[in-house]
Amino acid sequence: MIEVRNGNFFHLKNNKISYVFHVMENNHLGHLYYGKTLGELSDSDIQYLTERNNKSAGTVKFSTDDDLFTLTDRFQEYPVYGSSDFKEGAIEVSHNNDPWYLDFKFIDYRIEKKKERNLAVPSTYALEGESETLIIQLEDEEHKLNLEMQFTLFEDFGAVVRSQKLINIGPESVMIEKMLSGVLELPTANYDFLHLSGAWLKERHPKKRKLAQGTVSVGSLKGASGHQHNPFVALVEENAKINKGEVYAANIIYSGNFLAQAEVDEWDKTRLMIGINPSQFSWQLQPSKSFVTPEAILMYSDEGLNGISSQFAGFTEKHIINREWKKTPRPIVFNNWEATYFDFDQDKLLELAKLGKELGMECFVVDDGWFGKRNNDRSSLGDWYYDKNKFTKGIGTFADSIHQMGLQLGIWFEPEMVSPESQLYKDHPEWVVRHSYSRVSIGRGQYVLDFSNPKVVDEIYGQMKEVILETNLEYIKWDMNRNITEAYSTYLQANGVPQTEFFHRYILGVYALYEKILSDFPDILIEGCAGGGGRYDLGILFYSPQIWPSDDSDAIERLTIQTGTLLGYPLSTFSNHVSASPNHQVERVTSLQTRQNVSIFGPLGYELDLTKLSDEEKEEIKTCISFYKKHRNLLVHGEFFQLLDPFVDTNEVSWGVANEDKSEFIIGFYRKMAVANPPALDYIKVPFLTDDKIYSVNKSEEVSGKVLSHFGLRKPYQFNGANHHQAQVKGDFQSYIYHLVESDKNGGK
Ligand code: GLA
């Protein structure tokens, strides 16, 4: 996988990609190529790849030794601003407020074959033989800094995972002002910058804009990756189609403040960079200490948006999420939030649990309101002991009753928060993130706990552990409902640590709590959540195999959220609940059929008052759950793809999942608004079929792969006022599910 020539030319290659770089004339690392695999390279190929015609005119040269060599027209692996390159660099260090112009020169390299999963830091992992890691050592002799750049290549994926470690080998401490995780330089600007952006209730809508000379960026300074922007970004070749065209994507395994940006220079070269947001960050590096960046994942596919999404999904499920979760079926959840909000007690919950069990649900999740004196969102966060008025027989007895019904139990926590009205706050007001100013910002009536302080993490873990033990808990919903303002820690101040380290130390504290829980209770399924989808990132997914994607549970809004999210994340991570109609966030009225047809893609759940269901609705739910159970593996872990380009037609959405050998597909078709007088013939081309094979469509028609892929799958007939007998869908918010099975796999015709 990793080939080194002459000790200075590095070719990372597998069956999908090649990533090539070398040591340049000035001993820095120069990037040469990332794209479709190049296979074996001859000496003359290497000569050809490394040959460069320096652009001399108008540039400043790197040194007096060579009157042509300038960094500004070279592709670099880890660029530094200000030594003949004027674009933004990836690393900045200062000393006593003097900026240092770093000069990292190649020293040596080594290759490691192991990449173990370590709960302390979210990062990629691989079993023996699945990956190789190249570690390049560089040194800036004058500034007494060492840099180790890490590149990991994995079997069968178009990914290159990068991280950097800076080591202070000098006698004095220095300040890291900026240290990004991943850089990718590309020779053209013929791309659209694709990002997933939105807000609370409308997270991760796919957006794109054309690159042009200048910089475009997304990021967060909220202490979380955030509702507004997501760290997944991609450069999509202009005119790419959903199944064709080059796409370079990037993401980081991190849940805090991030920055992802693309800068296009005067020669239309593009520099894509991603990492910890340098704004509100600097890190004091003491002598002999090191700082390691989170890992960045670069991903390449020449198979368009579906190619990049399937690469990222497969990669995340295999090398980031604990892969045990691929073997354990995800339970169908009942969550009481939208059914009861804060108004419940043990009897009401048990009634819902009984009904849920009868309908086929498998895990009962008690949401917010079970602890302290929490009857609204203004109190008790931080007091994680059950409310004796709601659980008069104790939460342990309640848990036993749930387990006796044959259901798993889940409980909601918001570990990072504290209410001003709580015992914890009374005992430890100094544990809150706030400045000594008299004014303090407040969100949802709560403060953020100072997770940079290990004592705080220990206290919260102690409380959670008691509840987990008492209830034999199988599932945690981990919420986080407000962002950080006036970031300041009295703990860091007392320990002489600069406040500019707070945001990073905070998120490391969050990871430390995850580590504690999962070290003691490795089988607990943690569902991530942050006021809906405010922390949908790879850092959280390292610990939580699924995330509550949005507080907007409306099926039609979810079409866009899910379409965007799944461009960069696996289907198995997207918790999908059927909620009430009219929907509680937008008051939209949709059919139960459409709500279920949307929610079956991904880990399914229900979040509505089951006592209000009619008998017909109960039957509809039972039918859907039994279909889901039969095809759960396909609907959760199948290869997900879009059949319609999300940027072309926004009224229609179509998703598909395919099994590994592409002999079985479930396809969902959704039309938001009814179309007056629709075209008589309307078809969608299905990818991945084999021309000469025959597929049964909903067990009623037998059609060849060539017809379905070149002519297309017939869209459901829409009611048009005259076709009463034929119409398959009508009104707004239509949905239709197709099940395609290769005929010989289906026992013949
Ligand atoms: C957040 C979550 C919801 C629910 C509430 C409870 O908004 O996203 O799903 O858990 O908190 O307060």
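> So what's going on with the side chain of Thr-340? Residues and values would help.
With respect to the element layout, Thr-340 can be found in helix H4 (residues 337-340). In this structure Thr-340 comes out as buried when scored by relative accessible area, which is 8%.

> Tell me about the pairing of strand E34 (residues 664-671), and name the residues and values.
Within a regular strand, the side chains alternate between the two sheet faces. A large share of E34 lies buried, amounting to 7 of its 8 residues. Where strand E33 (residues 652-658) lies against E34, 7 bridges are found, and the strand directions are antiparallel. Bridging across to E34, Trp-655 finds its partner in Gly-668.

> Account for the packing of aromatic side chains, naming residues and giving values.
Evaluated as defined, the whole model comprises 48 aromatic pairs. Between Trp-370 and Phe-371, the ring centres sit 5.2 Å apart and the planes meet at 70°, which makes this aromatic pair edge-to-face. Here Phe-371 falls in the buried class, since its relative accessible area comes to 0%. Over the ring of Tyr-386 we find Lys-388, and its NZ or CZ is 5.9 Å from the ring centre. We note Lys-390 situated over the ring of Phe-344; from NZ or CZ to the ring centre the distance is 5.0 Å.

> I'd like a description of helix H6 (residues 395-404), backed by residues and values.
The set of residues buried in H6 consists of Ile-395, Gly-396, Phe-398, Ala-399 and Ile-402. Projected down its long axis, H6 carries its buried residues within an arc of 160°, all on one side. Looking at the buried positions of H6, the neighbouring elements they touch are helix H5 (346-359), strand E23 (363-366), strand E24 (408-413) and helix H8 (454-471).

> Outline the domain arrangement of the chain, listing residues and values.
Domain annotation of the chain identifies domain 1 (2-319), domain 2 (324-415 + 459-483 + 524-632) and domain 3 (642-746). For domain 2 versus domain 3, the distance between C-alpha centres works out to 31 Å. At the junction of the two partners, domain 2 supplies 19 residues and domain 3 supplies 18 residues. Carbon and sulfur atoms make up 73% of the surface buried where domain 2 meets domain 3, a total of about 1500 Å² over both sides. When residues of domain 2 are sorted by the area they lose upon contact with domain 3, Leu-559, Thr-563 and Phe-601 head the list and together hold 37% of the total. On inspection of domain 2 and its partner domain 3, the count reaches 0 salt bridges. Among the secondary structure elements, those contributing two or more residues to the side of domain 2 that touches domain 3 are helix H12 (555-565) and helix H13 (592-599).

> Any details on the state of the cysteines? Residues and values, ideally.
Counted by the stated rule, this structure contains 0 disulfides. Considering cysteine sulfurs only, Cys-363 is the nearest to Cys-529, which forms no disulfide, with 15 Å between them. Classification of Cys-529 as buried rests on a relative accessible area of 5%. Unpaired in this structure, Cys-624 has its nearest cysteine sulfur neighbour in Cys-363, at a distance of 17 Å.

> Outline the site of the ligand, listing residues and values.
Looking at the ligand, there are 13 residues lining it, with Asp-367, Asp-368, Lys-477, Gly-532 and Asp-551 nearest. Between the ligand and Asp-367, the relevant distance is 2.6 Å, taken from an oxygen atom to a side-chain nitrogen or oxygen of the residue. Within the contact set of the ligand, an oxygen atom lies 2.9 Å away from a side-chain nitrogen or oxygen of Asp-479. Alone, the ligand offers 310 Å² of accessible surface; in the complex the protein occludes 97% of this.

> Report on the nonpolar core, specifying residues and quantitative values.
Counting residues in each nonpolar core, the largest one holds 199 residues, and the members touching the most others are Trp-370, Phe-601 and Tyr-606. Considering each element in turn, this core owes the most residues, 10 residues, to helix H10 (residues 502-520). Sequence-distant contacts of Trp-370, that is, excluding residues within four places in its chain, are made with Phe-344, Trp-384, Tyr-385, Tyr-386, Asp-387, Phe-391, Ile-395, Ile-411, Trp-412, Phe-413 and Val-467. In terms of nonpolar packing, the next biggest core, distinct from the first, is built from 19 residues, Ala-658, Leu-708, Val-729 and Leu-740 among them.

> Quick rundown of the sheet that holds strand E37 (residues 701-704)? Include the residues and the values.
Strand order in the open sheet formed by 6 strands is E32-E33-E34-E39-E36-E37, and the pairing between neighbours is antiparallel. Of all the strands in the sheet, just strand E32 (639-642) and E37 have a single pairing partner and so form its edges. Averaged over neighbouring strand pairs, the angle between their axes works out to 25° when direction is ignored. Strand contacts of H12: E32, E33 and E34, with the helix running at about 50° to E33, the strand carrying the most contacts.

> Hey, could you go over the environment of Trp-431 for me, with residue numbers and the actual values?
Mapped onto the fold, Trp-431 is located in the loop between helix H7 (423-427) and strand E26 (447-448). Between the C-alpha atoms of Trp-431 and Gln-47, which are 384 residues apart in sequence, the distance is 60 Å.

> Which residues make up the environment of Phe-688, and what values go with them?
Relative to the helices and strands, Phe-688 resides in the loop between strand E35 (683-684) and strand E36 (694-697). Along the primary structure Phe-688 and Val-440 are separated by 248 residues, whereas in three dimensions their C-alpha atoms are 56 Å apart. If we ignore the near neighbours within four places in the chain, the residues touching Phe-688 are Glu-639, Phe-641, Lys-662 and Phe-665.

> I'd like a rundown of the packing of H8 against H10, residues and numbers included.
With their axes 10 Å apart at the nearest point, H8 and H10 run at an angle of 30° to one another. Between H8 and H10, the interaxial angle falls into the category roughly parallel. Taken as a pair, H8 and H10 cross one another with a handedness that is right-handed. Contacts between H8 and H10 pair Val-457, Asp-458, Ile-460, Tyr-461, Met-464, Lys-465 and Ile-468 from the former with Gly-509, Ala-512, Leu-513, Lys-516, Ile-517 and Asp-520 from the latter. Looking at the contact of H8 with H10 residue by residue, the class counts come to 8 nonpolar, 1 polar and 4 charged.

About the thresholds
Residues numbered from 1 in each chain as written. Predicted model: local features only at pLDDT ≥ 70, side-chain atom pairs only at ≥ 80, totals over all residues. Heavy atoms only, no water. Helix = DSSP H or I, 4+ residues; strand = E, 2+ residues; numbered from the N terminus. Buried < 20%, exposed > 50% of the residue type's maximum accessible area, 1.4 Å probe, protein only. Pairing = 2+ DSSP bridges. Phe/Tyr/Trp six-rings, centres within 6.5 Å; stacked < 30°, edge-to-face > 60°. Lys NZ or Arg CZ within 6 Å of the ring centre and 35° of its normal. Arc of directions from axis to C-beta. Contact = heavy atoms within 4.5 Å. Domains from an automatic or database assignment. Buried area = accessible area lost by both parts, 1.4 Å probe. Salt bridge = Lys/Arg side-chain N within 4 Å of Asp/Glu carboxyl O. Disulfide = S-S within 2.5 Å. Near = heavy atom within 4 Å. Polar contact = N/O pair within 3.5 Å; in protein donor to acceptor, adjacent residues only side chain to side chain. Areas by Shrake-Rupley, 256 points an atom, 1.4 Å probe, with all protein chains shown as cover. Core = buried A, V, L, I, M, F, W, Y, C linked by side-chain atoms within 4.5 Å. Axes fitted to C-alpha atoms, helices over the stretch in contact; angles between N-to-C directions. Parallel < 35°, antiparallel > 145°, perpendicular 65-115°, else oblique. Left-handed = near helix turned anticlockwise from the far one by under 90°. Nonpolar A, V, L, I, M, F, W, Y, C, P; charged D, E, K, R; others polar.

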